[in-house]
Amino acid sequence: MEAELGTVTVSKVYKEHLRKLCLQEFPCGLGSWNKVRFSPQHLKTQKGLIPKMPENVPPEEESMESLLRLAQSIESPWALDKDATMEDQYLRELAIQNPFLIGDDFLFSYFKSLRLVNKGISLVDEDLIKFFQLEELILSANRIQMVDPMNLPRTLKVLELYGNEMTSIQCLCSHPPPALQHLGMGHNKLIGSMESHFLTATFWSNLVSLDLSSNDLTGLRYIVASLATLQKLRLLLLQGNPLALVPHYRGYTIDCLHQLFMLDEVTVSPEERHQFQGISCKLAYAEEAACMTVTMKNVTGILDSSLLDPEPANEGPFNVYTYFVTYNFLPEEKTIAKGSGTVVNEAFKPISVPVLSVLLSNEHTSKNELSTGQSGGSRHSGVSGDPGESKEPGESKEAEEPQDPQLIPPPGSVLFSTAQKLWENVIEFDYKKKHILKDLVKLKAFLSKGTRINIMEEKVTSWLILPSPVESPPTVKKGKGEKDKKEKEKDKKEKEKEKEKDKKEKEKEKEKDKDKDKKKAGKGKEKEKEKEKEKEKEKEKGKKGKRKEAIKEYRQDPPIRRVLGSQLISLETLISGEDTVETTCNFGIVRTAEIDKMAYLRDSKAKGKVVKGKGKDKERKKEIALFEEPDYEPDPMTVDIRIHLSHFSSLADAMSPTS
């Protein structure tokens, strides 16, 4: 097969490699530096492959020892590059000792190992067959998409094609090298479960080591079933594939491949094999889905924006600030909530927070109870242009998308958030959520990009709705006579009513005088009853007054959100074998000493601290003086986050109901 113009072949790179070895240039090859030693007259007297130095050496010639030192010394300008192999170094020394040996036939028989890494090779051409003793071929970090096995020497024992553009192993299976013991196909583009058809003993009967790491292979049970036919397989690498993200990956593979010594560069011990014994039968048809748990605990160092607001007037504005943490993640097919007293939130949606009326009417309500969702409840309502207007799940999501670019998740992912809580020096969220993900290829792509953590502040401004004045009906002009008549009639009616009232009062007094003697004994009891009735009336009046005060209505502006801090967390270690990413995101210092001082004074008043006495006054001044010291530094804004990828540690762990 002839190579197209511009195609980089193995033979081209090999020739360029020989040119860089400078086998025909000083200090190698033939020249004035060894003219006498390799003259025909001197060679006739020599026996063996390496001629000795003549007795009378001209001063312009170099000795063989000095030429070898120039080729071997690291500080020499003729030294080889750092990535040169021992074969390259030995070949140069041979070119110094006897340049006549260096020819094409010798070179094709000399090389048993050929290492051509990161040379831009895209074609393995037929000239490679000329290396009839080649046992190791390393063509990593090139641009090879397909390999014709007819161009590979039949003596090959090691073939490494790491970091190329291979999409399948099928091309190697038409005529595979029969003696191949190690095949390295890591960091290619192998996709899906169909590659299992090309990993059987039919093609690789002598394979001892197989590296398929960092591809996009899925279908664990199909891949492992094919690998079980390779009776000589001892070393296997599958880490970095989507199939390795499922919880039972390691246990299932170990239990199926009884001959395996090492999996993902970790030795398989007898104890580990015993712990997973039988898991392949129990989970033979288990659903292949990854289980990831996101946990967030404490947030510290947040700036309390309410300290910067002026005191509101009677009608407002009244500002309420709440804080929460968001992160982007893949939408899961199944959600499981766990935690002590906390309910896991659904995917993040903008909401309206009606907490202001609660703040104004219930002064004794705790801060945690005022947080949105009431102790971390799910948030389902959306905010449109009008405050309080909710969106149904089926409506368009365009109005629900956050305006801040940092709150727009990458394509294919959604935002999740903790419950919203009021400010505290240390806000305890105790957020925990399990994500069950079936699309393992998308999960691997997501983990390679990482997740973005945002600390959010939401401001809700409310205004008191003042009652509108009662409109009186328009007066109609009438004559003076009519007005006088009506006024007189009203006066008469009022006088008659007063007379009737006087008569009734006099009659009541007479009746009371008659019954005075009879009711002297029970008079004290009646007074007590009257007092109790008066107290009850006063209580009812107070309750009515309170109810009237609590009925105050407020209108809310749409919530205003802003990002206080944002940080990208790398999750690549979860792909490469780690099961947990645990970190404290540090967003830097956002508060000042003056702000901390204001918060301290406000909190001390809220807790009801009354300073009495000189001693307590001094203690308070000392505490305040701490904020005024030049070396005082506020706490940085941080959030603790932990992301865990579940992996079973034994068969019992896999069979546990909580798994």
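To be clear, the structure that these remarks concern was listed above.
In every chain, residue numbers begin from 1 and rise along the written sequence. Totals for whole chains, interfaces and linings use all residues, but because this is a predicted model, local features are given only for residues with pLDDT of at least 70 and pairs of side-chain atoms are given and counted only at 80 or more. To obtain the side-chain values, all non-hydrogen atoms of the structure were included, while hydrogens and water were left out.

Draft legend 1. The side chain of glutamate 458, seen in detail. Strands here mean DSSP runs of E at least two residues long; helices mean DSSP runs of H or I at least four residues long; both are numbered from the N terminus. Relative to the elements of secondary structure, glutamate 458 occurs in strand E16 (residues 451–464). Side-chain polar atoms of glutamate 458 contact the side chain of glutamine 420, separated by 3.1 Å. We call two N or O atoms a polar contact when they sit within 3.5 Å, provided that within protein one can donate a hydrogen and the other can accept it, with sequence-adjacent residues counted only if both atoms are side-chain atoms.

Draft legend 2. Up close: helix H11 (residues 440–449). Among the residues of H11, those classed as buried are Leu440, Leu443, Lys444, Phe446 and Leu447. An end-on view of H11 places all buried positions within 165 degrees of arc, on one side of the element. More than 90 degrees from the buried face of H11, the exposed residues found are Lys442 and Lys449. What makes two residues a contact is simply this: any of their non-hydrogen atoms within 4.5 Å. Where H11 is buried, its residues touch strand E7 (216–217), strand E11 (290–300), strand E12 (318–329), strand E15 (426–437), E16 and helix H14 (572–575). Relative accessibility thresholds used throughout: buried, under 20% of the residue-type maximum; exposed, over 50%; partly exposed, between the two (1.4 Å probe, protein chains only). What the arc describes is the spread of directions from the helix axis to the C-beta atoms.

Draft legend 3. How the structure looks around the packing of helix H6 (residues 220–227) against helix H7 (residues 249–256). Only the stretch in contact is used when a helix axis is fitted, and all axes are lines through C-alpha atoms; the angle between N-to-C directions ranges over 0 to 180 degrees. Between H6 and H7, the shortest axis-to-axis distance is 10 Å and the interhelical angle comes to 25 degrees. In this view, H6 runs roughly parallel relative to H7, as classed from their interaxial angle. Seen along the crossing, H6 lies across H7 with a hand that is right-handed. Across the interface between the two elements, Leu220, Arg221 and Val224 of H6 pack against Tyr249, Tyr252, Thr253 and Cys256 of H7. Should an angle fall under 35 degrees it is taken as roughly parallel, and over 145 as roughly antiparallel, whereas 65 to 115 is taken as roughly perpendicular and any remaining angle as oblique. In a left-handed crossing the near helix is turned counterclockwise from the far helix by less than a right angle, and in a right-handed crossing that turn is clockwise.

Draft legend 4. Layout of the nonpolar core. Of all hydrophobic cores here, the largest spans 112 residues; its most connected members are Ile169, Leu172, Leu183 and Leu227. Here isoleucine 169 is in contact with Leu183, Met185, Leu190, Glu195, Phe198, Leu199, Trp204 and Leu212, once residues within four sequence places are set aside. By size, the runner-up hydrophobic cluster in this structure holds 6 residues, among which are Phe276, Leu283, Leu651 and Ala654. We call a set of buried residues a nonpolar core when its members are Ala, Val, Leu, Ile, Met, Phe, Trp, Tyr or Cys and they connect through side-chain atoms within 4.5 Å of each other.

Draft legend 5. Representation of a negative patch on the surface in the model. On the surface, a cluster of negative charge is made up of Asp491, Glu494, Glu498, Asp502, Glu505 and Glu509. Inspection of the secondary structure assignment puts glutamate 494 in helix H12 (residues 480–514). Any residue with relative accessible area above 30% and no salt bridge may belong to a patch, with like charges joined within 9 Å and the nonpolar Val, Leu, Ile, Met, Phe, Trp and Tyr side chains within 5 Å. Computed by Shrake-Rupley with a 1.4 Å probe, the accessible areas treat only the displayed protein chains as cover when residues are assessed. Any Lys or Arg side-chain nitrogen located within 4 Å of an Asp or Glu carboxyl oxygen qualifies as a salt bridge. All tallies of charge rest on Lys and Arg as positive and Asp and Glu as negative; His and the ends of each chain are not included. Charged side chains are reduced to one point each, which is NZ for Lys, CZ for Arg, CG for Asp and CD for Glu.

Draft legend 6. Main features of unusual backbone geometry. With an omega of 5 degrees, the peptide bond running from phenylalanine 26 to proline 27 counts as cis. Following glycine 316, the chain continues to proline 317 via a peptide bond in cis, the omega torsion being 5 degrees. For proline 317, the position within the fold is in the loop between E11 and E12. Despite not being glycine, cysteine 22 shows a phi value in the positive range, around 55 degrees. The topology assignment puts cysteine 22 in the loop between helix H1 (10–21) and helix H2 (40–44).

Draft legend 7. Just the packing of aromatic side chains, in detail. Stacked, tilted and edge-to-face are the three classes applied to pairs of Phe, Tyr and Trp rings, where Trp contributes its six-membered ring and a pair requires centres within 6.5 Å; stacked means planes under 30 degrees apart, edge-to-face means over 60, and tilted covers the rest. Applying the stated criterion to the full structure yields 15 aromatic pairs. Arranged with centres 5.3 Å apart and planes meeting at 80 degrees, the rings of phenylalanine 26 and tryptophan 33 form a pair that is edge-to-face. The partly exposed category is assigned to phenylalanine 26, whose relative accessible area is 24%. On the basis of relative accessibility, which here comes to 15%, the residue tryptophan 33 falls in the buried class. Seen from their ring centres, tyrosine 327 and tyrosine 431 are 6.0 Å apart, and the 70 degrees between their planes marks the pair as edge-to-face.

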